[in-house]
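Commentary on secondary and tertiary structure
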Amino acid sequence: MDATRSLQNDAVMVRSAPSHMSSADADAALPAGYPGYLTIDLGALSRNYQAMTRRVAPAMAAAVVKADAYGLGADRVAPALYAAGCRHFFVAQFHEALAIRPILGVDAKVFVLNGLQPGNEEPCVQAGIIPVLNGMEQLASWQALAGSLGRTLPAVLQFDTGMSRLGLAPADLDDVQKAIEKGGLDILFVMSHLACGDEPDNAQNGEQLAEMQRIAACFADLPLCFANSGGSFLGAGYHGALVRPGIAVYGGAPHGNADNPMEPVASLDVAVVQTRTVPAGAKIGYGGSHVAARPMVLATIAAGYADGLPRTLSDRGAVYFDGVRLPIVGRVSMDSIIIDASALPQGRLTLGARVEVIGPNQSLDALAADAGTISYEILTSLGSRYFRNYR
Ligand SMILES: *Cc1c(COP(=O)(O)O)cnc(C)c1O
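1. Notes on the packing of helix α3 (residues 42–56) against helix α5 (residues 74–83)
Running from amino to carboxyl end, α3 crosses α5 at an angle of 50 degrees, the nearest separation of the two axes being 9 Å. On the basis of the axis angle, α3 is oblique to α5. Read as a crossing pair, α3 and α5 show a hand that is right-handed. Contacts between α3 and α5 involve L42, L45, S46 and Y49 on the former and, on the latter, R76, V77, A80 and L81. In terms of residue class, the contact of α3 with α5 is built from 6 nonpolar, 1 polar and 1 charged.

Listed below in structure tokens is the structure:
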């Protein structure tokens, strides 16, 4: 992907720790001087994928690797998932498909969720990328190209079953069937997407499933592709032939606030760039919004909202050091956050020390909850300034 990223990756390969090293030793071998260290555990990623395949068998599991594999690096994540047995990859945009197609085996299929854009038809054929057809126009242009090439082109048919976002309207069902009978299209899956898959008790899940089954009955011999991560945990009725998990493979909780059965994949440590002691009454951060109620030991860490730690964490949430919770004080800045280190023994936190933002003491989902958002938004916002350590 970008030049900085691949340089960083080369650095990791040169420095990759011998197998007798503990993970703490491996961390110590990381290059100094970065604002933060984003560790991506490709082993955990693969185990999450395989756990998902066991969960949904005899259905198959695809992997959703859109938005640069939820911010974790599609150039590393997609090949790792391929090695773990994944052969169906979903991205959102055509250019994301172009980026991963050459780094996967020829037996992998790459699908574009956002569908076929006008002018993209021929590049799509040339690159061997499979569009999700979301409307009659897309269906017609793909079919027309198949006709002019004198061949059959693969596609996925997406129907909107109650989310009003992407997909053919159920009212188009007759027209879709008639169009397909004319030939030229090899429909690999009939697909839809759940709006509330992360909420097991939401009645909309059952309504969408019923609608999916009604549509599927019109395409009796075609396999179904329906469930995201949350949907994959709703029971076999939701699995179809192929599930499409994203967040669960990356270690996020498939069902919002329930116990998370997945292994964490991403952890984030951020460097301390300054420590100071302030008296009671000191104003802390932009706007002077936090006033010290007592003398405090503060530390400034080198990541802020430009690094995916949202401004909504201002005076909320915390980081950890030695397992001790250190609250965020004052407003989150673009490139830094001030934390209250008073709970640590004096002098324990020094320049260059790394505090845990995501890790054993604070899950991705817990951080997201403190920020008033979801794990997906945290992961996809982490940005490019951290050192990326692929393990
Ligand atoms: C993003 C997306 C997924 C993956 O969803 P998760 O909740 O991350 O598992 C699956 N299908 C579609 C259509 C998507 O847009």
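Now that the structure has been shown, the text picks up again.
2. Quick word on the environment of A179
Tracing the chain through its elements places A179 in helix α9 (residues 173–181). In this structure the C-alpha to C-alpha distance between A179 and R354, which are 175 residues apart in sequence, comes to 59 Å. Other than its neighbours up to four places away in sequence, A179 contacts L139 and Q143.

3. Topic: the packing of aromatic side chains
Here the structure, examined in full by the defined rule, presents 9 aromatic pairs. Both rings, one in Y70 and one in Y376, keep their centres 6.0 Å apart while their planes meet at 35 degrees; by these two values the pair is tilted. A residue pair is termed long-range when its members are at least 10 positions apart, and Y70 in helix α4 (residues 66–70) and Y376 in helix α13 (residues 375–380) qualify at 306 residues. Members of the aromatic cluster, each reached through a chain of ring pairs, are Y34, Y37 and F387. The cationic tip of R87 hangs over the ring face of Y82; the distance from NZ or CZ to the ring centre is 3.6 Å. Looking at R244, its charged tip hangs above the ring of F90, at a distance of 5.9 Å from the centre.

4. Re the site of the ligand
Around the ligand lies a shell of 14 residues, among which K66, Y70, S229, G246 and Y376 are the nearest. Between an oxygen atom of the ligand and a side-chain N or O atom of K66, the distance comes to 2.7 Å. Separating an oxygen atom of the ligand from a backbone N or O atom of I247 is a distance of 2.8 Å. The protein chains hide 94% of the 390 Å² of surface that the ligand would expose on its own.

5. Notes on the pattern of salt bridges
Side chains that differ in sign of charge can pair as their charged atoms come close. Using the criterion set out here, one finds 7 salt bridges in the structure. Two residues, R47 and E263, come together in a salt bridge whose shortest N-O distance is 2.7 Å. Of this pair, R47 sits in helix α3 while E263 is found in the loop between β10 (242–243) and β11 (266–278), placing the two residues 216 residues apart along the sequence. For R47, a relative accessible area of 41% puts it in the partly exposed group. Close ionic contact of E211 with R214 constitutes a salt bridge, the shortest N to O distance being 3.0 Å. Of this pair, E211 and R214 both sit in helix α10 (residues 203–216), 3 residues apart, roughly one helical turn. Judged by relative accessible area, E211 falls into the buried class, the value being 18%. Residues joined in a network through salt bridges with shared partners are D307, D335 and R385.

What counts as what
Residues numbered from 1 in each chain as written. Predicted model: local features only at pLDDT ≥ 70, side-chain atom pairs only at ≥ 80, totals over all residues. Heavy atoms only, no water. Axes fitted to C-alpha atoms, helices over the stretch in contact; angles between N-to-C directions. Helix = DSSP H or I, 4+ residues; strand = E, 2+ residues; numbered from the N terminus. Parallel < 35°, antiparallel > 145°, perpendicular 65-115°, else oblique. Left-handed = near helix turned anticlockwise from the far one by under 90°. Contact = heavy atoms within 4.5 Å. Nonpolar A, V, L, I, M, F, W, Y, C, P; charged D, E, K, R; others polar. Phe/Tyr/Trp six-rings, centres within 6.5 Å; stacked < 30°, edge-to-face > 60°. Lys NZ or Arg CZ within 6 Å of the ring centre and 35° of its normal. Near = heavy atom within 4 Å. Polar contact = N/O pair within 3.5 Å; in protein donor to acceptor, adjacent residues only side chain to side chain. Areas by Shrake-Rupley, 256 points an atom, 1.4 Å probe, with all protein chains shown as cover. Salt bridge = Lys/Arg side-chain N within 4 Å of Asp/Glu carboxyl O. Buried < 20%, exposed > 50% of the residue type's maximum accessible area, 1.4 Å probe, protein only.

Keep in mind that these numbers describe shape and distance, not what the molecule does.
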